[in-house]
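What the coordinates show
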Amino acid sequence: MRRWSWSRVWLHVLAVLLALWVIVPIYLIAVAAFSPRDVIYKYPKPLFPTQVSLETMLFFIRSSGVLDSVRRSIVVALLTLAVSMAVGAPAGYALARYVFPGRDTFRIAIVSTRAFPIVILSIPLAVSFINLGLYDSVISVALMHTALALPFTILVTSSVFASVPVDLEEAAMTLGCSRLGAFWRISLPLTLPGLAAAAIFTFVLSWNEVFAAAILTLRNRTLPAHVLSVLNESPLPFRFAGGFFLLVPALIFMLFIRRYLFNLWGRVVR
Amino acid sequence: MTRKMNWEPYLLLLPSFFYLIFFFGWPMLQAFSLALRGEDGGWTLAHIQRMVNDTFFREAVITTIALIVAILPIQFLVALAMALVVNARPRGAGLFLYFYAVPLAISDLAAGIVWFAIFTQRGYLNTILQAIGLIEKPIIFLNYQKPLWVLMAIVIAEVWRATAIIMVILVAGLQSIPNDYLEAAEIFGAGLFERVTQIILPLLRPSLQVALILRTILAFQAFAVVVALAGQGATVLAKEAYKWYTDIRNPHVAAAYAGLIMVLSIATTVFYLRTLRTPEEVSL
Amino acid sequence: MAEIRIQNVWKTFGKVVAVKDVTLTVEDREFVILLGPSGCGKTTLLRCISGLEQVDRGTISIGGRDVTNLPPRRRGIAMVFQSYAVFPHMTVFDNIAFGLRMKKLPKDEIERRVRDAAALMHIEDLLDRYPAQLSGGQRQRVAVARAIAVQSEVLLMDEPLSNLDALLRLEMRAELKRLFTELETTVVYVTHDQVEAMSMGDRIAVMREGEILQFDTPVRVYDYPADRFIGGFIGNPPMNFLVADVEDGRVVVHGTPIEVPPLVLEHLKPPRTLVGIRAENIELFTEQQEGAIPVQVLVVEPLGSHNLVTARADGDIIKVNTPADLRLAPDQRVWIRFVPEKIRWFDAQTGKALPVDYQAVEAARVG
C-alpha cells in the first residue's frame, strides 16, 4: 500500500470533521427521540442511548391529530408526485427531444421561476381557494406543492430524457416502431430509475414543505403544518419525537437517490 | 420554407404551460392585487402603510437581511470545503458525499427542532459544555433578552441544513473542470491555495452564481427554523406574512409581505446577474 | 426491386440549407456512397431517405412506391447508426430480434433469422450478452446484424465505421463489402472517409454544401474529378493544381509548354486554365529533360512503398510520388514532367472540369 502523505491525512481529517458536523445533530435528536420521557427532561442529558425506549415516539404518534396529519401528508405528497410527473414529464420530454421555435424561451422561463419565492404565492392562492371551496383540503396543498415542484420536475425529467441518446429511439423507429412505441419500448425503460429518483425527490419536497401547507389548511393540516402550529405549546418529548419523525423519510430517500444526486441537481443548474 | 409545422412538442408543453399560468403567474398578479387594492376594489396604499407601520416590520426586515448576510459567507466556505474534499476523492468519497448531502432532504422545520434540542436550556450543547468543564451551570441560549444568541442559533441551524444544496452545485461544477487544468497549474508550480484561487474559483463562477441566487431566494423565505428556535423571540418576513394571514386574518397585509419578499428576491437576482456576470453567458 | 429515386429534395434547418435540390437515383442492389466533408448534408440526405427527417420539398420513392410522407417504419428500410444505437437494456439476441418482433413474425422464424444474422456477423457466441459487456467492434457487429436481420430491401448506413480504431475499420470494411455482395440489397452508405468510399462503393455521390457535385464510379471520381474541390478532397495526397497560361492555343506551365488534347483545346478560355495532376502521374528527374519543369525539393517523406516529395515551382507547391530508392536532398534542384494523358483540365474561374470525351478515353484504354 502507498504511504499516506500528510496532505492525504489532513484531507481525511477534514472529511470526517465535516461529516460529523452533519451527523452529530441527527444522532442527538435520534437519541432524544428514543429516550424515555423522564430522561428527556433530565439534565445533563445522556449523550449515548442508555435506555432505549419507544415511549417518546409513541407519545408523539398518539398525540391527537398526528396520525391524521401523517396520513394527509402522504396523500398530499403522492398527489403532488403524480400530478407533477403527469404534467411535467411530457414537457421535460419535449425539451429534451424536439427542436422547435420557443424552446429556449420556455426553458429560460422555467429556469427563472426559481428566482421567485413560489411558496409565498400560497397567500394569494389561499384567498382564491376559499372562493373556490378548495381551502383547507389536501387537494389545495397538493396543487400548491405541484406548482412548487413543477419547474424542478420539468428540468430534471428533461435532463433524464436527454441522457438517452436520440439514436436509440430513432433506431427503434427504423426497426418498425412508431414514435410513441419507441418511447415506450426504449426511452421509458432506460429512464425509469432516473424518473423514479425525480419522483422520490418530489415526494420529499412535498413532505417537507411547511409554509404553504400551514397557510392553505386550518383543520386538515399536513404533518409539518400540524407540528408547526402546536410546536411552541408542546412539551419537549413531542418536539423531539416530531423532529425525528419528520427527518426519517429524508434519510431513507436520500439513500435511494444518492446515485442520482447530480442528475437531480447538478445538471439542472447548468 | 418548412412545409409542415410539428405540433407535438407544443402539445407536450401545454399542460405545464397552463399549470404555471394558473398556479404561478396568476397568483403572482393576485398577490399584488390583494396588497394594493381595498375592499371596494379601488387602488390603495393602505395595506402597505399598515405593513410598514407595524411594530414588527423593521425587525422582520433587518433580521431577514442580517441572517442572509451572516449565513451566506459561512455556507459558501463550508460548501466549498465539502466540495473540494469530495472532489479530492478521499477513501469512501461516496459515503462522505451522502453524509454531506443528507440535509438536502431535511425540512427547515425538522432542522429547527434538531437544533432546538441542542440549544435549549436542558439541551445537548449545555450537556457537552458542562461535561468538558467549560461551564458550571446551563446557559440559556434561546432567550428573548439575548437576540444575538438566538440569531446565532438560527445561523448555525441554517448553515447545517442548507449548505448541502450549494455543495451539490459546487461538486457538479468541480466535476466539469478538467483535471488537466489543475495538473497544468501544478506543473507550473501552483500550490493548493493558488490552485483554488487561481483556477478553481474562477472556473466555478457560473456554479457559484447559481448557488448564490438559489440560496438567497430561499433565505428570504426563512420561516420554520425561526419559529422552532425563536418562538416569539425573533421574526422574519415570511413569519410576519404567516402571522398576518393566520393569526390576524388580514390577507391584504399578508399579501403585502408576500409582494415585498417577491420584489426583494427579484431585485437580488437581477443584482447578482448584473454584478457577477460570467464572461461567456449568464447561466442561471 | 428496390430502386431509390430522390427528386428535387430540399431540407432546411432554420436558415441552414442542408440539402439543396438533390436529385439522385440509386439502382436496385447498388452500393452507393454519399461522400463529403462534415456538414455537407450527406447524413441529412440519408435521414430523409430513412424518414427520420421530413423533406421540405421534393419526393422520395423506394421500389417505385412514394414514401415521401411515410414514417420510417413504413418505408421498408433498415439503418445502421454512427453510434450503433444498440439498445443497452436488451441482450444481443433481443437487439437483433427487435425489428423482427415489431413485424410480429412467428417465434421460430425470429430465432432462425437472429441466428443467421449473428452467424453472418460472427457474433453467435455473444447472443446472451448485454451491450455494456461488448467492445466497440462487437457492438458495431450487433448493429449491422440487427439491420440485416429484418431483410429489408434498402439498407442505410450512417458512417458505420467511423467510431472504430484504424485496424478494426480496415477489417470491417472488407467484411461489409463481402456481406453486401452476398445480400444483394440496395445500400446507401454515408462516409467522410474517401478511402472507404473508393474501396467499397459501386458509385460515389460526392456532396458539398447540400449539393451533389459528382455521381460516378470510384475510378471515374478519382481519375476525372468533376471539379477542383473533388480533386482536392479525394485521393491522398490531393490532386496538384497549377495555373497555366493559355497563349495562341498553347498551354504553358512555369515556362514549359504542355500537350493539349483537341477536345480540351476547343473549350480553353484564355488567358488562363487550371491544370490538375495526381502525385503518381508526375515523373521526376534529377537532370534536365526535354519538356520538364524545374522545381526545388522542399521535403521528402519516405512512406515505405514510395516517397512523397514536396517540391516548389515559384509560388506553387507540388506533391510528387518517387521510387523509394531515389535519394533526394532538401533544396535540391530537380525536374518534373506530367504524364500527358493523366493531365486533367479545369476552368480557371469556376474550377469545373472541362468536357471529357469518355468514349475516347475508354477506347484508348481498350486499345
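Here the structure is a predicted model, which means the values were calculated and not measured. (Residues numbered from 1 in each chain as written. Chains lettered and ligands numbered in written order. Predicted model: local features only at pLDDT ≥ 70, side-chain atom pairs only at ≥ 80, totals over all residues. Heavy atoms only, no water.)

1. Structural notes on the overall build of chain B
When its secondary structure is counted, chain B shows 12 helices and zero strands. In chain B, the succession of helices and strands from N to C terminus is α-α-α-α-α-α-α-α-α-α-α-α. Overall, chain B is about 85 × 75 × 30 Å in size when its C-alpha atoms are taken along their principal axes. For chain B, with 284 residues in total, the buried portion stands at 54%. In chain B, once contacts between residues fewer than 6 apart in sequence are set aside, the share between residues at least 24 apart is 68%. Here chain B has roughly 13,400 Å² of accessible surface; of this, 65% comes from carbon and sulfur atoms. (Helix = DSSP H or I, 4+ residues; strand = E, 2+ residues; numbered from the N terminus. Buried < 20%, exposed > 50% of the residue type's maximum accessible area, 1.4 Å probe, protein only. Contact = heavy atoms within 4.5 Å. Areas by Shrake-Rupley, 256 points an atom, 1.4 Å probe, with all protein chains shown as cover.)

2. Structural notes on the interface of chain C and chain A
At the interface, 19 residues of chain C touch 15 residues of chain A. Between chain C and chain A the total buried area reaches about 1,600 Å² when both faces are included, carbon and sulfur atoms providing 73% of it. Three residues stand out in chain C for area buried against chain A, namely Arg-73, His-89 and Met-102 of chain C, and they jointly supply 33% of the buried area on that side. With a closest N to O distance of 2.7 Å, Glu-170 of chain A and Arg-47 of chain C form a salt bridge. In this structure, the connection of chain C to chain A is made through three residue pairs in polar contact (both at pLDDT 80 or more). Residue assignment for the side of chain C that touches chain A shows that the elements contributing at least two residues are strand 6 (77-80) and helix 2 (92-102) of chain C. Counting residues per element, the side of chain C that touches chain A draws most heavily on helix 2 of chain C, at three residues. Counted by class, the side of chain C that touches chain A contains 13 nonpolar, three polar and three charged residues. (Buried area = accessible area lost by both parts, 1.4 Å probe. Salt bridge = Lys/Arg side-chain N within 4 Å of Asp/Glu carboxyl O. Polar contact = N/O pair within 3.5 Å; in protein donor to acceptor, adjacent residues only side chain to side chain. Nonpolar A, V, L, I, M, F, W, Y, C, P; charged D, E, K, R; others polar.)

3. Focus on the sheet that holds strand 10 (residues 211-216) of chain C
Residue and element names in this part refer to chain C. Judged by pairing direction, the sheet is mixed, and its six strands sit side by side in the order 6-7-8-3-9-10 without closing on themselves. Whereas interior strands pair on both sides, the edge strands pair on one side only; in this sheet they are strand 6 and strand 10. Put simply, the sheet's adjacent strands are angled 20° from each other on average, direction ignored. As paired elements, strand 9 (residues 203-208) and strand 10 share five bridges and run antiparallel to each other. (Pairing = 2+ DSSP bridges. Axes fitted to C-alpha atoms, helices over the stretch in contact; angles between N-to-C directions.)

4. Some points on helix 1 (residues 6-33) of chain A
Across its 28 residues, helix 1 of chain A extends 40 Å between first and last C-alpha, which sits within 8% of the 40 Å expected from 1.5 Å per residue. Of all the bends in helix 1 of chain A, the largest measures some 30° and sits at Trp-21 of chain A, one to four residues before the proline Pro-25 of chain A. (Expected span 1.5 Å × (residues − 1). Bend = angle between axes of the 7 residues up to and from the residue.)

5. Things to note about the domain arrangement of chain A
All names here are of chain A. Looking at chain A, the domain boundaries give domain 1 (1-63) and domain 2 (64-266). With centres defined by C-alpha atoms, the gap from domain 1 to domain 2 works out at 30 Å. In this complex, domain 1 contributes 17 residues to the contact, which on the side of domain 2 involves 17 residues. Taken as a group, Ile-29, Phe-60 and Ser-63 account for 39% of the area that domain 1 buries against domain 2, more than any other trio of residues on that side. The interface formed by domain 1 and domain 2 holds zero salt bridges in total. The interface formed by domain 1 and domain 2 contains three residue pairs in polar contact (both at pLDDT 80 or more). Secondary-structure elements contributing two or more residues to the side of domain 1 that touches domain 2 are helix 1, helix 2 (37-41) and helix 3 (55-62). Here the element with the most residues in the side of domain 1 that touches domain 2 is helix 3; it accounts for six residues. Counted by class, the side of domain 1 that touches domain 2 contains 12 nonpolar, two polar and three charged residues. (Domains from an automatic or database assignment.)

6. Notes on the sheet that holds strand 11 (residues 240-247) of chain C
Residue and element names in this part refer to chain C. Across the sheet, five strands lie side by side as 13-12-11-14-20; this open sheet has antiparallel pairing. A strand with exactly one partner marks an edge of an open sheet, and here the two such strands are strand 13 (256-258) and strand 20 (344-346). On average, adjacent strands in this sheet sit at an angle of 40° to one another, irrespective of strand direction. When strand 14 (residues 272-277) meets strand 20, the two strands line up antiparallel, connected through three bridges.

7. What to know about the packing of aromatic side chains
For the structure shown, the criterion picks out 32 aromatic pairs over all chains. Measuring from ring centre to ring centre gives 5.1 Å for Phe-100 of chain A and Tyr-10 of chain B, while their planes differ by 70°; the resulting arrangement is edge-to-face. Taken together, the positions of Phe-100 of chain A in the loop between helix 4 (66-97) and helix 5 (103-112) and Tyr-10 of chain B in helix 1 (residues 8-36) put the pair across two chains. Taking relative accessible area as the criterion, Phe-100 of chain A reaches 8% and is therefore assigned buried. When its relative accessible area of 24% is taken as the criterion, Tyr-10 of chain B is described as partly exposed. Plain terms: the ring middles of Phe-31 of chain C and Phe-180 of chain C are 5.3 Å apart, the flat faces sit at 70° to each other, and that makes the pair edge-to-face. (Phe/Tyr/Trp six-rings, centres within 6.5 Å; stacked < 30°, edge-to-face > 60°.)

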